[in-house]
Amino acid sequence: MRTEPGGCCCRRPVRAKDCVANGEVRNGYVRISAATAAAAAGQIHHVTQNGALYKRPFNEGFEETPMLVAVLTYVGYGVLTLFGYLRDFLRHWRIEKCHHATEREEQKDFVSLYQDFENFYTRNLYMRIRDNWNRPICSVPGARVDIMERQSHDYNWSFKYTGNVIKDVINMGSYNYLGFARNTGPCQEAAAKVLEEYGVGVCSTRQEIGNLDKHEELEKLVASFLGVEAAMTYGMGFATNSMNIPALVSKGCLILSDELNHASLVLGARLSGATIRVFKHNNMQSLEKLLKDAIVYGQPRTRRPWKKILILVEGIYSMEGSIVRLPEVIALKKKYKAYLYLDEAHSIGALGPTGRGVVDYFGLDPEDVDIMMGTFTKSFGASGGYIGGKKELIDYLRTHSHSAVYATSLSPPVVEQIITSMKCIMGQDGTTLGKECIQQLAENVRYFRRRLKNMGFIIYGNEDSPVVPLMLYMPAKIGAFGREMLKRNIGVVVVGFPATPIIESRARFCLSAAHTKEMLDTALKEIDEVGDLLHLKYSRHRSVPLLDRPFDETTYEETED
Amino acid sequence: VNVGVAHSEVNPNTRVMNSRGMWMTYALGVGLLHIVLLSIPVAWTLTNGIHNLGMYVFLPAVKGTPFETPDQGKARLLTHWAQLDYGVQFTSSRKFFTISPIILYFLASFYTKYDPTHFFLNTAALLSVLIPKMPQLHGVRIFGINKC
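Residues numbered from 1 in each chain as written. Chains lettered and ligands numbered in written order. Predicted model: local features only at pLDDT ≥ 70, side-chain atom pairs only at ≥ 80, totals over all residues. Heavy atoms only, no water.

Colleague: Looking at this structure, I do not really get the overall build of chain A. What am I missing?
Modeller: Assigned secondary structure in chain A consists of 16 helices and 17 strands. Out of the 561 residues in chain A, the part that is buried amounts to 53%. Here the analysis covers contacts within chain A between residues at least 6 apart in sequence; of these, 72% occur between residues at least 24 apart. Only carbon and sulfur atoms are counted for the fraction: they give 55% of the accessible area of chain A, which is about 25900 Å². (Helix = DSSP H or I, 4+ residues; strand = E, 2+ residues; numbered from the N terminus. Buried < 20%, exposed > 50% of the residue type's maximum accessible area, 1.4 Å probe, protein only. Contact = heavy atoms within 4.5 Å. Areas by Shrake-Rupley, 256 points an atom, 1.4 Å probe, with all protein chains shown as cover.)

Colleague: Which parts of the structure should I look at to understand the overall build of chain B?
Modeller: Broken down by element type, chain B carries five helices and zero strands. In sequence order, the secondary structure elements of chain B are arranged as α-α-α-α-α. Here chain B holds 148 residues, and 45% of them are scored as buried. Put simply, of all contacts in chain B between residues at least 6 apart along the chain, 64% involve residues at least 24 apart. If you sum the accessible surface of chain B, you get close to 8000 Å²; carbon and sulfur atoms cover 73% of it.

Colleague: Before we go on, may I ask you to explain the sheet that holds strand 17 (residues 506-510) of chain A in this structure?
Modeller: Two pairing modes exist for strands in a sheet, parallel and antiparallel, and in both the strands are linked by backbone hydrogen bonds. All names here are of chain A. Spatially, the three strands line up as an open sheet ordered 14-17-16, and their pairing is antiparallel. The open sheet has two edge strands, strand 14 (467-471) and strand 16 (493-495), and neither has a second partner. Each strand axis lies, on average, 30° off the axis of its neighbour in the sheet, ignoring direction. Both strand 14 and strand 17 contribute to a ladder of five bridges, which runs antiparallel. By the bridge assignment for strand 17, Val 467 is matched with Cys 510. Where helix 14 (residues 433-455) meets the sheet, its contacts fall on strand 14 and strand 17, and the angle it forms with strand 14 comes to roughly 10°. (Pairing = 2+ DSSP bridges. Axes fitted to C-alpha atoms, helices over the stretch in contact; angles between N-to-C directions.)

Colleague: Would you mind going over the confidence of the model for chain A with me for this structure?
Modeller: Low pLDDT means the predicted coordinates in that region are not meant to be read closely. Residues and elements named next belong to chain A. For chain A, the mean per-residue pLDDT works out to 83, and 87% of the residues sit at or above 70. Averaged pLDDT values over the elements of chain A bottom out at 37 in helix 1 (residues 34-42) and peak at 95 in strand 10 (residues 339-343). Here residues 1-48 is a poorly scored stretch, pLDDT under 50, and it has 62 contacts once near neighbours within four places are set aside; other chains count. Within the model, the stretch residues 546-555 combines pLDDT values under 50 with 23 contacts to residues more than four positions away or in other chains. (pLDDT = per-residue confidence, 0-100.)

Colleague: Just to check I follow, could you spell out a negative patch on the surface for this structure?
Modeller: All names here are of chain A. A contiguous patch of negative charge, built from Glu 196, Glu 197, Asp 213 and Glu 216, is present on the exposed surface. For the negative patch, the secondary structure elements donating two or more residues are helix 4 (186-198) and helix 5 (213-226). Mapped onto the elements, Asp 213 comes out in helix 5. (Patch = residues over 30% accessible without salt bridge, like charges linked within 9 Å, V, L, I, M, F, W, Y side chains within 5 Å. Salt bridge = Lys/Arg side-chain N within 4 Å of Asp/Glu carboxyl O. Lys, Arg positive; Asp, Glu negative; His and termini not counted. Charge placed at Lys NZ, Arg CZ, Asp CG, Glu CD.)

Colleague: Help me out: how do you make sense of the packing of aromatic side chains in this one?
Modeller: Within a pair of aromatic rings, the relevant descriptors are the distance that separates the centres and the angle that separates the planes. All chains considered together, the criterion is met by 16 aromatic pairs over all chains. Aromatic side chains Phe 481 of chain A and Phe 509 of chain A sit 6.5 Å apart centroid to centroid with 75° between the ring planes, which places their arrangement in the edge-to-face category. Of the two residues, Phe 481 of chain A is situated in helix 15 (residues 475-487) and Phe 509 of chain A in strand 17; the sequence distance between them amounts to 28 residues. For Phe 481 of chain A, a relative accessible area of 0% puts it in the buried group. The class of Phe 509 of chain A is buried, set by a relative accessible area of 0%. A connected cluster of aromatic rings, assembled from ring pairs, spans Phe 225, Phe 376, Phe 380 and Tyr 386 of chain A. Here the basic side chain of Arg 94 of chain B rests over the ring of Trp 81 of chain B, its NZ or CZ set 5.1 Å away from the ring centre. (Phe/Tyr/Trp six-rings, centres within 6.5 Å; stacked < 30°, edge-to-face > 60°. Lys NZ or Arg CZ within 6 Å of the ring centre and 35° of its normal.)

Colleague: Would you take a moment to explain a nonpolar patch on the surface for this structure?
Modeller: A cluster of nonpolar side chains, namely Leu 82 and Tyr 85 of chain A together with Leu 53, Tyr 56, Val 57 and Phe 58 of chain B, defines an oily patch on the protein surface of about 540 Å² accessible area. Those elements giving two or more residues to the nonpolar patch turn out to be helix 2 (67-92) of chain A together with helix 2 (43-58) of chain B. Looking at the nonpolar patch element by element, the count peaks at four residues for helix 2 of chain B. Relative to the elements of secondary structure, Tyr 85 of chain A occurs in helix 2.

Colleague: Mind showing me how you'd approach the packing of helix 1 (residues 22-37) of chain B against helix 2 of chain B here?
Modeller: The geometry of a pair of packed helices is captured by two quantities: the angle between their axes and the separation between those axes. Residue and element names in this part refer to chain B. Between helix 1 and helix 2, the shortest axis-to-axis distance is 9 Å and the interhelical angle comes to 140°. One finds that helix 1 runs oblique with respect to helix 2. You can see that helix 1 and helix 2 cross each other, and the crossing is right-handed. Between helix 1 and helix 2, the residues in contact are Tyr 26, Val 30, Leu 33, His 34 and Leu 37 and Ala 43, Trp 44, Leu 46, Thr 47, Ile 50, His 51 and Met 55, respectively. (Parallel < 35°, antiparallel > 145°, perpendicular 65-115°, else oblique. Left-handed = near helix turned anticlockwise from the far one by under 90°.)

Colleague: It is not clear to me how the pairing of strand 3 (residues 160-171) of chain A should be interpreted in this structure. Could you clarify?
Modeller: Along a regular strand, successive side chains alternate from one face of the sheet to the other. All names here are of chain A. Where strand 2 (residues 144-151) and strand 3 come together, six bridges link them in antiparallel fashion. Each bridged residue has a counterpart across the sheet, and for Arg 144 the counterpart in strand 3 is Ile 170. Relative to strand 15 (residues 490-491), strand 3 runs parallel, the two being bridged by two bridges. Of the residues in strand 15, the one forming a bridge with Ile 170 is Ile 490.

Colleague: What exactly am I supposed to notice about the packing of helix 4 of chain A against helix 13 (residues 412-426) of chain A here?
Modeller: All names here are of chain A. One way to put it is that helix 4 packs onto helix 13 with a least axis distance of 8 Å and a crossing angle of 145°. For helix 4 against helix 13, the interelement crossing comes out right-handed. Across the interface between the two elements, Pro 186, Cys 187, Ala 190, Ala 191, Val 194, Leu 195 and Tyr 198 of helix 4 pack against Pro 412, Pro 413, Glu 416, Gln 417, Thr 420 and Ser 421 of helix 13.

Colleague: Hey, could you run me through the pattern of salt bridges in this one?
Modeller: Note that side chains of opposite charge can pair when their charged atoms are close. All names here are of chain A. Applying the stated criterion across every chain, the model contains 24 salt bridges over all chains. The partner of Arg 451 in a salt bridge is Asp 521, and the shortest N-O contact between them spans 3.6 Å. You can see Arg 451 sitting in helix 14 and its partner Asp 521 sitting in helix 16 (residues 517-534), a full 70 residues away along the chain. Where Glu 484 meets Lys 487, a salt bridge forms, and the shortest distance between an N and an O atom there is 3.1 Å.

Colleague: Looking at this structure, how should I read helix 16 of chain A?
Modeller: Structurally, the α-helix is built with 3.6 residues per turn, so residues lying three or four positions apart point the same way. Residue and element names in this part refer to chain A. With 18 residues, helix 16 extends 25 Å from end C-alpha to end C-alpha; this agrees with the ideal 26 Å at 1.5 Å per step. When we look at burial in helix 16, the residues that qualify are Met 519, Leu 520, Ala 523, Leu 524, Glu 526, Ile 527, Val 530, Gly 531 and Leu 534. Of the residues one or two after helix 16, His 535 is the one with positive phi, at around 55°. (Expected span 1.5 Å × (residues − 1).)

Colleague: How do you make sense of the sheet that holds strand 3 of chain A when you look at a structure like this?
Modeller: Strand order across the open sheet formed by three strands is 2-3-15 (chain A), with mixed pairing between neighbours. Where the open sheet ends on each side, the last strands, each with one partner, are strand 2 and strand 15 of chain A.

Colleague: I would appreciate a short explanation of a positive patch on the surface in the present structure.
Modeller: Residues and elements named next belong to chain A. There is a patch of like positive charges on the surface, built from Lys 251, Arg 301, Lys 307 and Lys 308. With respect to the helices and strands, the residue Lys 307 is situated in the loop between helix 8 (284-297) and strand 7 (309-314). In this structure Lys 307 comes out as exposed when scored by relative accessible area, which is 59%.

Colleague: Is there a simple way to explain the side chain of His 215 of chain A in this structure?
Modeller: Take His 215 of chain A: it is sitting in helix 5. If we ignore the near neighbours within four places in the chain, the residues touching His 215 of chain A are Arg 206, Gly 210, Ser 409, Leu 410 and Val 415 of chain A.

Colleague: So what exactly am I meant to see when it comes to the environment of Met 55 of chain B here?
Modeller: Residue and element names in this part refer to chain B. Tracing the backbone through its elements, the reader meets Met 55 in helix 2. With a relative accessible area of 7%, Met 55 lands in the buried category. Sequence-wise, Met 55 and Phe 97 are 42 residues apart; in three dimensions their C-alpha atoms are separated by 9.2 Å. Apart from residues lying up to four places away in sequence, Met 55 is in contact with Tyr 26, Pro 60, Phe 97, Ser 100, Pro 101, Val 129 and Lys 133.

Colleague: Even after reading the chapter, I still don't get the pairing of strand 6 (residues 275-279) of chain A, so can you show me in this structure?
Modeller: All names here are of chain A. Direction of pairing for strand 5 (residues 254-258) relative to strand 6: parallel, over a ladder of five bridges. Following the sheet pairing, Leu 256 is matched in strand 6 by Arg 277. For the handedness criterion, the β-α-β arrangement of strand 5, helix 7 (residues 263-272) and strand 6 is classed as right-handed. (Right-handed = clockwise from strand over helix to strand, strands pointing away.)

This is the structure we're talking about:
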């Protein structure tokens, strides 16, 4: 990884001395003086607080929404809301045809089945641009994919297939980071052989009769790949999180989870019955404050100490493209004696010089992370998840995890796909294909992000993350962008409210090692055209480091004790 | 639970009024409404009246959320005003939206030269919008208005 010449190191604001001062986190590298503090207001040359913890520059930025764009976005939503009320009125008085589900005439006096207002957004906003999602594909989703063409004559309430297939669409939406989503090659041949030998279904759980020798081989391989003592694999990535967190923590424990954690982590945390406190996204001051308060005040009302404190973070956050500040989290964890659960769903295989994920990217010791969780869905082209850690932990999980007791284990051809792809990444199959893929991905990421920034788009996230969110903001542009890109043979994923905050709708590109430079250049040319057409180039090249991001100090949460 | 969503915020309706630019959009909207109405003689009272009518409908009258939330409808019987910031009183958004009709009221009274009829109408409009926002009336339904 070459560093950008002339780029400044970790951009973080200068903090006053009475803020967060703790022996292990701060170091002697802080250069705070009146002159620098005054000059910092004028220029963006910020001094890092914890620089010695990072062995490489950590460039992350989230440019602020321009005020005019925010105002126009609200006006857009306002107009859509007014039109929504108008259309609802017309539908109610039968002037306009009603396409959605309604109750039967005979049941009008019963308690209503549907709450009409809750579907307001779905009926009036989502339906209009529904053709950008759930597009059926009919080939393997590699670097290029075939999409079935469909038309709608009643404004997206129903679709008809024309019978054409749009061929060779450049695929910028699949989580295919290392390019293993293929139907030819060594992985496919190995999986086909195992399919003949073992069949497809396992038909049992791990604890009964579903523990194949392939699973044991896979687990040894995963443990050696991550650098931990032992590992355990599960059939579904979502279920790995939601079924194992309840086995690890329970009532009387505290979970500190990041604001933007994935639904599986949130569900696992809620199912466990522990108390959940949320800290601001990637904000170490917020996390430290919560840790301090937890240890000083203990449990609410009884003031007893917490049984366990577990910090839940992800390696790469797939909606923002940001990377967790792992060195600082580990320093905090050691100081306050908490446990760390790291979910590397998107970062395993995609980050780091040898592809071992975010721990490798920062050059840290995998023993510092208590529970390393990840999925095989993204970089390995398979399905399922794993948890790695100390041998006692994994032995405990083998008996107590809900997945191990009730869920079916991984299917043998899938296991073989993971084994082959993992060996390829580690270089154990005798070729340098793995190393080339990792390097190709890193180069693609750097190139793509640099070109998009130079064109003037607002891009969120870290310089090295293969997830690239491009900000669209206005609701009409969400639909327009998706459709225009498909017309130009590029498939993208767009997201809007309420999946993102109201003014931050975006298009999300996922880069892959399978994308060649020509494909990226074609894509960039088309994005440039569409950007000019839709006036998407909002950037004023003034990025705000995450800690300065204007978040409300006084945000309120649901309290549910 | 929060399926397909990028954050762990259960009800996005609570944070909408705090977002960047919302207050400015609101102020601009009221200003635009006034300019459009300036052609009619009773402009200020009309602005005040229409603004308060709109505010009454959207904040303390409409209940629930326009999208499905993963908290199984805890907010279905709550008005948008009650949902703001999860029911915490005296936050900055609540203060802003309480003060803005008062400012409009002052301006309307001044520009109509304290004429009795206008005064009566303006005061009635102001009270209809201010009273539902008071913290003592959080969750209260008088005369059965807006119940269920």
